Amino acid sequence: MRNVTVLCCLCLLASCDWFSSKEEKIQKLVEEGIRDIDWNDVDQYPLFEVCDETASKTEQKECFETNILSHFSMILRDFEFVLDEEVHDTIYVDFMMDHKGRIAVLEVEKNPIVQSQIPEFETVITQSLKTLPKVAPALKRGIPVNAKFRIPIVLNTN
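Notes on the structure in this doc start here. Every value quoted in this text rests on a predicted model; they were computed, and no experiment measured them.

Quick look at the packing of aromatic side chains
Taken as a whole and judged by the stated rule, the model has five aromatic pairs. With centroids separated by 6.1 Å and ring planes inclined at 45 degrees, the aromatic side chains of Y45 and F149 adopt a geometry described as tilted. Here Y45, found in the loop between α2 (22-36) and β1 (47-48), pairs with F149, found in strand β7 (residues 147-156); they are 104 residues apart in sequence, far enough to count as distant. Under the relative-accessibility criterion, Y45 is labelled buried at 12%. Aromatic pair F64 and F149: ring centres 5.0 Å apart, planes at 45 degrees, arrangement tilted. You can see F64 sitting in helix α3 (residues 57-78) and its partner F149 sitting in strand β7, a full 85 residues away along the chain.

Here it is, written out as structure tokens:
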């Protein structure tokens, strides 16, 4: 009888998890899962209709960047800028794509030469987003999320 009592005590001491509630166990698993998520990366990049959602993340990113850069390129080609001197520079544009697929310019890198030669550059870039084709938002774990991007715009005038 004494052996049975000792065995029961050992079982109770070894299985403290039996006394914790299911909610505590679930909360612990959720917290561990959240710690493992890389919050600085998306599972799927924002996609234009012409982009393949089954493609790899690298291909999705390339498709997104290519489409947005070609859109900016077409818009800038339509404008006639009058310049005092040639400009050969790269301007970086930071923008935010929200969880509903809306896009907004956060910042256009300030470059003194471009600022003095093309003061309306930032306005043109911001206004061009109004004619951007529909974009599906970035996804993280299947949920639409906000995503911040930086793209380079190369300016070459002749």
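Concerning the environment of K100
Along the chain, K100 turns up in the loop between β2 (88-97) and β3 (103-108). Measuring from C-alpha to C-alpha, the distance between K100 and P137 comes to 6.1 Å, with 37 residues separating the pair along the chain.

Comments concerning the pattern of salt bridges
All told, the structure shown has three salt bridges when counted by the stated rule. Between R102 and D98 there is a salt bridge whose closest N-O contact spans 2.7 Å.

The rules we used
In this numbering scheme, every chain counts its residues from 1 along its sequence in written order. The predicted nature of this model means local features are confined to residues of pLDDT at least 70 and side-chain atom pairs, given and counted, to a pLDDT of 80 or more, with totals for whole chains, interfaces and linings taken over all residues. Excluding hydrogens and water, the side-chain values take into account all heavy atoms of the structure. Under the pairing criterion, centres of Phe, Tyr and Trp rings, with the six-membered ring standing for Trp, must be within 6.5 Å; the plane angle then separates stacked pairs below 30 degrees from edge-to-face pairs above 60, leaving the rest tilted. Helix and strand labels come from DSSP, where a helix needs a run of H or I of at least four residues and a strand needs a run of E of at least two; each type is numbered from the N terminus. Only protein chains enter the calculation, and the probe is 1.4 Å; a residue is then buried if its accessible area is under 20% of its type maximum, exposed if over 50%, and partly exposed in between. Salt bridges are identified by distance alone: a Lys or Arg side-chain nitrogen within 4 Å of an Asp or Glu carboxyl oxygen.

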